[in-house]
Amino acid sequence: MGSMMEWAHGGRLGNWLTVNGESRPVTALVRGETYRLRLINAANAWVLAIDPNRFSASLIGLDGQSFAEPATLGYAPFMLGPAQRVDLMVTAESDFMLEEISGDTPYPMAAFTVAGDATVTAPAVRLQPSELPEPDLANARRIRLDMTGGAMGGMVDIVYQGRKLEGRDAMTARQAWAFNGVANLAEEPFFAARRGETILVETINRTAWIHAMHIHGHHFRVLSRSGSTIDEGRPWRDTFLIGPDQITEIAFFADNPGKWLLHCHMLEHAAAGMNTWFTVG
């Protein structure tokens, strides 16, 4: 544990995946009833690949925010990064598995058995969509976040606790990543937002690794993602995945006063530098 090689690469992935603390649990469902499956990726570094279409599930929410209508996923796999959540709606008709499909062979994470007759009629589901203040894009303040460092990221300058790391300083300080050249929590905030201001953050991933970027205290809309389409309807999120050499723009309405973290939720990456903060006043 705590190897700098893993901290500077993809983080410690581990080799034993559990669901609610159990290995491959089995849950009994009643035939004909409709269920909400809330999936929470509590892994420290593993991005889970799933396909809700394998068991005819609809998406009804992301990162704790509900949709107005169920949505059918038009692609596969659905990537669920550390800290991300997805709410699925499924009507129990026959046994099914929740599988991780990133490998050559699908890995069963959890099983669901269905029993009972088919006389139960699932009631119509009414969703209550989340009502959050929309970003004012016409008057947004643009903030740029450059992500650098890590293995295969080339030589980069890193400032940590007010001084530039040189030679073996990075190994001693255990800092391998930087936001705008600064590793971990600087004394001054990354930015200071006025309450009611819209902040647009352009994140540029100059590293060789995927990251799960998480904002505390606010939810945002993803505006653009280079090399990839945006989820239809731009659903509210508080964590977004960004791949190597990718640029992603998000915007949020800063209405929650306080001091808030902005960090990579691959926890080794956060510990090794990908951690900053901002204020809303």
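Check the entry above for the structure.
Criteria and thresholds
Residues numbered from 1 in each chain as written. Predicted model: local features only at pLDDT ≥ 70, side-chain atom pairs only at ≥ 80, totals over all residues. Heavy atoms only, no water. Helix = DSSP H or I, 4+ residues; strand = E, 2+ residues; numbered from the N terminus. Rg over C-alpha atoms; globule rule 2.2 N^0.38 Å. Buried < 20%, exposed > 50% of the residue type's maximum accessible area, 1.4 Å probe, protein only. Areas by Shrake-Rupley, 256 points an atom, 1.4 Å probe, with all protein chains shown as cover. Lys, Arg positive; Asp, Glu negative; His and termini not counted. Charge placed at Lys NZ, Arg CZ, Asp CG, Glu CD. Pairing = 2+ DSSP bridges. Axes fitted to C-alpha atoms, helices over the stretch in contact; angles between N-to-C directions. Phe/Tyr/Trp six-rings, centres within 6.5 Å; stacked < 30°, edge-to-face > 60°. Lys NZ or Arg CZ within 6 Å of the ring centre and 35° of its normal.

**Things to note about the overall build of the protein**
The helix and strand tally for the protein stands at three helices and 22 strands. Against the compact-globule benchmark of 19 Å for 281 residues, the protein has a radius of gyration of 21 Å, which places it among compact chains. Projected onto its principal axes, the C-alpha positions of the protein cover 70 × 45 × 30 Å. The proportion of buried residues among the 281 residues of the protein is 46%. With an accessible surface of roughly 14,400 Å², the protein has 52% of that area assigned to carbon and sulfur atoms. Charge separation in the protein, taken as the distance between the mean sites of 23 positive and 31 negative side-chain charges, equals 5 Å.

**Some remarks on the sheet that holds strand 1 (residues 26-30)**
One open sheet accounts for three strands, arranged 1-9-8; its pairing is mixed. A strand with exactly one partner marks an edge of an open sheet, and here the two such strands are strand 1 and strand 8 (96-100). Recorded for the sheet is a direction-independent mean angle of 20 degrees between the axes of neighbouring strands. Pairing between strand 1 and strand 9 (residues 107-115): five bridges, direction parallel. Residue pairing across strands places V26 opposite A111, the latter belonging to strand 9.

**Focus: the packing of aromatic side chains**
Taken as a whole and assessed by the stated rule, the structure comprises six aromatic pairs. Measuring from ring centre to ring centre gives 4.8 Å for F191 and F278, while their planes differ by 15 degrees; the resulting arrangement is stacked. Of this pair, F191 sits in the loop between strand 14 (182-183) and strand 15 (192-193) while F278 sits in strand 22 (residues 275-280), placing them 87 residues apart in sequence. Note on F220 and F240: the rings are 5.8 Å apart at their centroids and 85 degrees apart in plane angle, and the pair reads as edge-to-face. Of this pair, F220 sits in the loop between strand 17 (211-215) and strand 18 (221-225) while F240 sits in strand 19 (residues 239-242), placing them 20 residues apart in sequence. For the pair formed by F220 and F240, the shared burial category is buried. Three or more aromatic residues joined by ring pairs make a cluster, and in this case those are F190, F191, F252 and F278. The side chain of R24 reaches across the aromatic face of Y107, ending 4.6 Å from its centre. Its guanidinium or amino end placed over the ring of W236, R221 lies 3.8 Å from that ring's centre, counting from NZ or CZ.

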